[in-house]
Amino acid sequence: MKHQTIAVLDFGSQYTQVIARRIRECSVYSKIYHYKTSAAELRRDNVAGVILSGGPESVLKKGSPRPDKKIFDLGVPVLGICYGLQLLAQLLGGKVEKSSEREYGHGQLKIKTKGRLFRGLPNSLRVWNSHGDRLGRLPAGFKPIASTENSSYAGIADEKRGFYGIQFHPEVDHTEGGLNILENFLRNICGCKADWSMAILAEESINSIRETVGEDRVLLGLSGGVDSSVAAALIHKAIGKQLTCLFVDNGLLRQNERELVVDLYRRHFNMDVRVARAGAKFLKRLKGVSDPERKRKIIGKTFVEVFQDSLKQIGDAKFLAQGTLYPDVIESVSIDGNPAATIKSHHNVGGLPKKMKFKLLEPLRQLFKDEVRALGAELGLPKEVVWRQPFPGPGLGVRVIGDVSSRKLSVLRKADAILHEEMMESDLYYKVWQSFCVFLPVRTVGVMGDERTYENVIAVRVVESKDAMTADWVRVPYEVLQRVSTRIINEVNGVNRVVYDISSKPPGTIEWE
Ligand code: XMP
């Protein structure tokens, strides 16, 4: 059965992808179209409704983006959001004018007529605005259904034709009841059923990968993190052995990490996983280097070299696959032309030279992290992968403070493995954002038995966060901290002191380097 589709016409708003995502949350399929897409194409796709996104331009400006006017003759409902509302009003004969007050941020929406769009909502809502123009005169057939302090036309409707416009952004978290408004549009106005799911997304992505790739080969840098793992599982389902994964062991991995990754993907998924064991090369280059940024640069550059060298053995591949997610795509969909192929900024592969003429394959590009997790689960990836904590590309290289050596790495690995075990044991691992150890190049005095010791310090960092932009240290129960400390000091040679990091971000960062 073909599911219903809601078309989101993109006028360049930073929130367009969020609209699409909210529609998916309502179990309805949505597709983002370039704003110039013809009504005929939308008709061919049999869309059940059209949403006109917001955008940075003003409809009063000459040459600002406009849709094909015939979309209003498709016989399907249309919802204009922000810029979309102004377009809709202008194109249908209303009048848009410059507002003396720019409305930006929170506003109070007063609902006048609930109708189908605001059904079930309270009479007043805190909403998120960001616009400079406002509607001066309504097009024929429209009625105002909601207002704010600055605009008597914050919500308008032509119930008969199923045309609606709202000045605020229902898709953002800051708008109260925003999801209900969108859901009302989908269900009460467009008549969409909840007929879409992650399983359908997986199936369609698989088909589209097959179509794009054809008989060619695809190369993927597999790190074992959530994004590259889900991309690998998805592409592998689509094209099997045409996919080769390359795992670079940079010598800065955690205990047994290479073995676990290789074991899972080779044995369990039967993927073609190649391993570049390059630890010695990385360590040699890092010798004596203690500046964090220099360390990062060396690690990044060496990664690219190793990656390129490995290609000689792997042979030609036409596509380079990446687990780029929507939040990694820094540029939003550009107004004219295709979205730029922006590579994840601090992703290691970002440094691959342009002369390597790969085509990029980014099947997760439209998705948000939690959706990628759901997709991973759908594809049968285990919880340990789907819910794995983030791990920085430069790995333990930025968790050994100062210059890196194999001895320090080995001490850190053992301490970190103990923390990991205890976090799992106490059911905390999946509840926190990150939990890890840091090796400090500081030696302190201690006693063990009758002997004086003079050994290194391990710092334990456990943080909670939503997006890594801000973070707070976790109030880990004392008993857990005590077990972690006792075990690290007893079981790891070279450590006689464990400290707990109680800094928040900002002003601290999550990593120490
Ligand atoms: P900070 O330390 O900046 O970290 O608060 C924020 C998040 O980013 C991760 N991180 C990195 N990830 N390459 C990466 O791929 C890096 O160089 C890097 N530095 C930090 C960090 O683990 C945290 O989740």
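Reading guide: rules and limits
- Residue positions are given per chain, counting from 1 as you read along its sequence in written order.
- Totals for whole chains, interfaces and linings use all residues, but because this is a predicted model, local features are given only for residues with pLDDT of at least 70 and pairs of side-chain atoms are given and counted only at 80 or more.
- Side-chain measures here rest on the full set of heavy atoms in the structure, leaving out hydrogens and waters.
- Under the scheme used here, helices are H or I runs from DSSP no shorter than 4 residues and strands are E runs no shorter than 2 residues, and both carry numbers assigned from the N terminus.
- Here a residue-residue contact requires only that any non-hydrogen atoms of the pair lie within 4.5 Å.
- Any carboxyl oxygen of Asp or Glu within 4 Å of a side-chain nitrogen of Lys or Arg constitutes a salt bridge here.
- With a 1.4 Å probe rolled over the protein chains alone, any residue whose accessible area is under 20% of its type maximum counts as buried; one over 50% counts as exposed, and the rest are partly exposed.
- Among buried residues, the Ala, Val, Leu, Ile, Met, Phe, Trp, Tyr and Cys ones that are joined through side-chain atoms within 4.5 Å form a nonpolar core.
- What fixes the domain bounds is an automatic or database domain assignment.
- Note: buried area is the sum, over both parts, of the accessible area (probe 1.4 Å) each one loses when the two are combined.
- Two N or O atoms form a polar contact when they lie within 3.5 Å of each other; inside protein one atom must be a possible hydrogen donor and the other a possible acceptor, and for residues adjacent in sequence the pair counts only when both atoms belong to side chains.
- Nearness is defined per residue: one heavy atom within 4 Å of the molecule or strand is enough.
- To be clear on the numbers: accessible area is Shrake-Rupley with a 1.4 Å probe, and residue cover counts the displayed protein chains and nothing else.

### Focus on the overall build of the chain
- When its secondary structure is counted, the chain shows 13 helices and 18 strands.
- In terms of principal-axis extent, the alpha carbons of the chain reach across some 90 × 50 × 40 Å.
- Considering only contacts in the chain between residues 6 or more positions apart, those separated by 24 or more positions represent 74%.

### A short note on the pattern of salt bridges
- In the structure shown here, the tally under the stated rule is 33 salt bridges.
- Salt-bridge contacts for arginine 487 lead to glutamate 421; the nearest nitrogen and oxygen are separated by 3.0 Å. Note that arginine 487 is positioned in helix α13 (residues 478-491) and glutamate 421 in helix α12 (residues 406-425), a separation of 66 residues in sequence.
- Judged by its relative accessible area of 43%, glutamate 421 falls in the partly exposed class.
- If you follow the salt bridges from partner to partner, you end up with Arg21, Arg22, Glu25, Asp173 and Asp370 in one network.

### A short note on unusual backbone geometry
- The step from lysine 505 to proline 506 runs through a cis peptide bond, and the omega angle for that step is -15 degrees.
- With respect to the element layout, proline 506 can be found in the segment after β18 (495-500).
- Residue proline 506 is joined to proline 507 through a cis peptide bond whose omega torsion reads 5 degrees.
- Here proline 507 is to be found in the segment after β18.
- The phi dihedral of serine 27 is positive, around 60 degrees, even though this residue is not glycine.
- By the secondary structure assignment, serine 27 is in the loop between α1 (16-25) and β2 (29-34).

### Concerning the nonpolar core
- Counting residues in each nonpolar core, the largest one holds 45 residues, and the members touching the most others are Leu219, Val248, Cys437, Ile458 and Ile488.
- Secondary-structure elements contributing two or more residues to this core are β11 (243-249), α8 (279-286), α9 (292-314), α12, β15 (434-448), β16 (451-464) and α13.
- Counting residues domain by domain, this core receives three or more from each of domain 2 (198-386) and domain 3 (399-500).
- Residues contacting cysteine 437, with those up to four places away along its chain left out, are Arg399, Leu412, Ala415, Asp416, Leu419, Ile458, Ala459, Val460 and Ile488.

### Regarding the domain arrangement of the chain
- What the domain assignment lists for the chain is domain 1 (5-189), domain 2 (198-386) and domain 3 (399-500).
- Listed as interface residues are twelve residues of domain 2 and, on the opposing side, twelve residues of domain 3.
- Three residues, Gln255, Leu283 and Lys295, lead the burial of domain 2 against domain 3; their summed loss comes to 39% of the area buried on that side.
- In this structure, the connection of domain 2 to domain 3 is made through zero salt bridges.
- The interface formed by domain 2 and domain 3 includes four residue pairs in polar contact (both at pLDDT 80 or more).

### Some points on the site of the ligand
- Arg296, Gln434, Lys505, Ile510 and Glu511 are the nearest of the twelve residues found near the ligand.
- Glycine 393 is positioned with one of its backbone polar atoms (N or O) 3.0 Å from an oxygen atom of the ligand.
- Between glutamine 434 and the ligand, the recorded distance is 2.8 Å, taken from a side-chain N or O atom to an oxygen atom.
- Its free accessible area being 490 Å², the ligand has 81% of it covered by the protein chains.

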